[in-house]
Amino acid sequence: MQENVCPQNADFTRVFTIPVQRTPEMVCKLYKERENVCGAGQKENLQTKVERKYYFMKTDMGELYSRFGISDKVYRFGEEILDALAIRFAQIDENAEYNQLKVIRAMQEANVSEACLLGTTGYGYNDLGRDTLEKVYAAVFQTEDALVRPQITCGTHALALALMSNLRPGDELLSPVGKPYDTLEEVIGIRASRGSLAEYGISYRQVDLLSDGGFDFEGIRSAINEKTRLVTIQRSKGYQTRPTLSVARIGELIAFVKQMKPDVLVMVDNCYGEFVETREPSEVGADMVVGSLIKNPGGGLAPIGGYIAGKTECIENAACRLTSPGLAKEVGASLGILPAFYQGLFLAPTVTASALKGAIFAANIYERLGFDVVPDGSEIRHDIIQAVTFGSPEGVCAFCEGIQAAAPVDSFVKPEPWDMPGYDSKVIMAAGAFVSGSSIELSADGPIAPPYAVYFQGGLTFPHAKLGILKSLQNLVDRGICRV
């Protein structure tokens, strides 16, 4: 039997390609204005037609997920969660649109040209693309200057570079947000390590957050002294279950610190936070923001690299440490890597949005099942990381194995906990990524230590993040760790 399609508006057929997370009611609302071109009988058929097509699409999709070993029960549970997230996802898309325009405008103002994509070899003198990219980063983060280089190997390297270049023997480093990320413990000298700040006579002090996650302002006031030269603020939670800091809260903390000691430098570890909000910590007083290009700002394309954006003096110090005094930013060949850096930054806002959607989906899935999640399913997001506490090593491992099994690369590999350099306990990591170690790609990791929490992040596309989350849940269900 031929379907009764409105002859005046053949575009009605487009309604049948609706994304699966939209309910039939939502689709009909979106097309409400277009119903006016049809007759009354055809209007009455629209809801029925959409529901019928929606049903078959969902059925076909469920069958496709079953080929990944995901049961109908787990799939339907995921769809139920997803149907309630449409408004939040729309808000994330608006945020991504704002940040996308911000990046495009920065590239236009810097006069990015085809010549910027060519790169250099050898010393790298007069590398137009490298120097222009650093202007773009400075514009995006609203700073005086930036250092964006493939020679910065990772986020920890970028942070160590920023610290070691701007601290001198006799100075003191203060963390007013508690313990830093594990790999920084050896950089600072909390755990003894060759070449640490402690070996160079730079002391360290920290003030823990209050039990409710708030700042201990009195403790910070007492900790700041004549030796305090640099304050480091870690935006994301690291391997902790504390809340991630919003840009607004970071600004509040910076204002307090600067009031106590105006000449103190403030560095923000911005890893996992770029493009999550419409502002960055550099817009609320941070002297330096630091991150990795195989996280948010690389957009999944950058194969290596890190950045430091901030005040001119801080960036010059970092450049001299990265290369050598007298050479600073003038050397450092880009070696044909610039197209990935530029295009990755261009894609970063929308890729970050996909990762955010995955984190929110995971939070709502596991919160519904009774697990502790940070942030919870309804909280406003300030980074792309989702922590889920399972309370057992079996739960952590099962989750990570599910993420690995959903990967496009090395899906057949089973991740195992191991003694990873820079960590004080065994760590399990799942990441079947195109770029090794890239955590803007779908990945999960966690220390095999109490409270046995796993940290999920990334997803270059939301459909991949969704697959990984459902696969992790299926793994937990199959092992009897949870039920849906």
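Worth saying up front: this structure is predicted, and the values here are computed from it rather than measured.

Counting residues in each nonpolar core, the largest one holds 59 residues, and the members touching the most others are Phe361, Ile365, Tyr366, Phe390, Phe399 and Val454. Elements supplying a minimum of two residues to this core: helix 3 (72-83), helix 4 (86-109), helix 11 (338-368), strand 9 (386-389), helix 12 (393-405), strand 10 (427-430), strand 12 (453-457) and helix 13 (462-478). When near neighbours in sequence (up to four residues on either side) are disregarded, Phe361 contacts Gly78, Ile81, Leu82, Leu85, Phe462, Lys466, Ile469 and Leu470. By size, the runner-up hydrophobic cluster in this structure holds 45 residues, among which are Met107, Val177, Ile233 and Ala302.

Roughly 990 Å³ of internal volume is contained in the largest pocket. What lines the largest pocket is a set of 44 residues, and nearest its centre among them are Tyr181, Met420, Tyr423, Met429 and Gly437. Among the elements of the structure, helix 6 (155-166), helix 7 (182-188), strand 10, strand 11 (443-447) and strand 12 are those that each provide at least two residues to the lining of the largest pocket. With four residues, the top contributor of residues to the lining of the largest pocket is helix 7. Here the residues of the lining of the largest pocket sort into 22 nonpolar, 15 polar and seven charged.

The next subject is a nonpolar patch on the surface. Residues Tyr123, Tyr125 and Leu327 make up a contiguous nonpolar surface patch of roughly 350 Å² in combined accessible area. With respect to the helices, strands and loops of the structure, Leu327 is situated in the loop between helix 10 (312-322) and helix 11. Using a relative accessible area of 34% as the deciding quantity, one classes Leu327 as partly exposed.

If you trace the five strands from one edge of the open sheet to the other, you get 8-9-12-11-10, paired in antiparallel fashion. Each of the sheet's edge strands pairs with one partner strand only, and the pair in question is strand 8 (372-374) and strand 10. Geometrically, the sheet is characterised by an average inter-axis angle of 20° between neighbouring strands, direction not taken into account. Where helix 11 meets the sheet, its contacts fall on strand 8, strand 9 and strand 12, and the angle it forms with strand 9 comes to roughly 20°.

Another point: empty space enclosed by the protein. Over the atoms, a rolled probe matching the size of one water molecule traces out where space is still vacant. Scanning the model with the defined rule gives two cavities of 30 Å³ or more in all. Space inside the second largest cavity adds up to approximately 40 Å³. Forming the walls of the second largest cavity are Ser175, Val177, Pro180, Leu184, Thr232, Gln234 and Asp269. Here the residues of the lining of the second largest cavity are counted per class, giving three nonpolar, three polar and one charged.

All right, on to the environment of Gln206 then. Following the sequence through the fold, Gln206 ends up in strand 3 (residues 203-206). Taking the C-alpha atoms as reference, Gln206 lies 9.3 Å from Gly219; in sequence the two are 13 residues apart. A polar contact of 2.8 Å, which involves the side chain of Gln206, links it to the side chain of Tyr204. Polar side-chain contacts of Gln206 include one of 2.9 Å to the side chain of Asp208.

Moving on to the packing of helix 6 against helix 10. Interhelical geometry of helix 6 versus helix 10 gives an angle of 105° and a closest axis separation of 8 Å. It follows that helix 6 is roughly perpendicular to helix 10 by the angle criterion. Side by side, helix 6 and helix 10 meet where His157, Leu161, Met164, Ser165 and Asn166 of the first sit next to Glu313, Cys314, Asn317, Ala318, Arg321 and Leu322 of the second.

Moving on: the pairing of strand 12. Note on strand geometry: in a regular strand, side chains alternate between the two faces of the sheet. Most of strand 12 sits inside the fold, with five of its five residues counted as buried. What you see with strand 12 is no split at all: Ala453, Tyr455 and Gln457 on one side and Val454 and Phe456 on the other are buried throughout. Note that strand 9 and strand 12 share four bridges and pair antiparallel. Its bridge partner lying in strand 12, Val388 is registered against Val454.

Further remarks concern the pattern of salt bridges. This model, assessed by the stated rule, comprises 23 salt bridges. Here Lys329 ties to Glu134 by a salt bridge, and the two come within 3.2 Å at their closest N and O atoms. Highlighted residues: Lys329 in the loop between helix 10 and helix 11 and Glu134 in helix 5 (residues 128-140), separated in sequence by 195 residues. For Glu134, a relative accessible area of 2% gives the class buried. Of the charged contacts, one joins Arg235 and Glu280 as a salt bridge, the two residues approaching to 3.4 Å between their closest N and O atoms. You can see Arg235 sitting in the loop between strand 4 (228-234) and helix 9 (247-260) and its partner Glu280 sitting in the loop between strand 5 (265-269) and strand 6 (288-292), a full 45 residues away along the chain. Of the two residues, Arg235 and Glu280, both sit in the buried class. Shared partners join several salt bridges into a network, and the residues in it are Lys179, Asp182, Glu185, Glu186 and Arg191.

Rules used in this analysis
Residues numbered from 1 in each chain as written. Predicted model: local features only at pLDDT ≥ 70, side-chain atom pairs only at ≥ 80, totals over all residues. Heavy atoms only, no water. Core = buried A, V, L, I, M, F, W, Y, C linked by side-chain atoms within 4.5 Å. Buried < 20%, exposed > 50% of the residue type's maximum accessible area, 1.4 Å probe, protein only. Helix = DSSP H or I, 4+ residues; strand = E, 2+ residues; numbered from the N terminus. Contact = heavy atoms within 4.5 Å. 1 Å grid on protein atoms, 1.4 Å probe; cavity = no way out; pocket = protein on both sides within 12 Å on 5 of 7 lines; lining within 4 Å. Points joined across faces, edges and corners; volume = space filled by probe spheres on them. Nonpolar A, V, L, I, M, F, W, Y, C, P; charged D, E, K, R; others polar. Patch = residues over 30% accessible without salt bridge, like charges linked within 9 Å, V, L, I, M, F, W, Y side chains within 5 Å. Areas by Shrake-Rupley, 256 points an atom, 1.4 Å probe, with all protein chains shown as cover. Salt bridge = Lys/Arg side-chain N within 4 Å of Asp/Glu carboxyl O. Pairing = 2+ DSSP bridges. Axes fitted to C-alpha atoms, helices over the stretch in contact; angles between N-to-C directions. Polar contact = N/O pair within 3.5 Å; in protein donor to acceptor, adjacent residues only side chain to side chain. Parallel < 35°, antiparallel > 145°, perpendicular 65-115°, else oblique.

The quantities given are spatial measurements derived from coordinates; they are silent on function.
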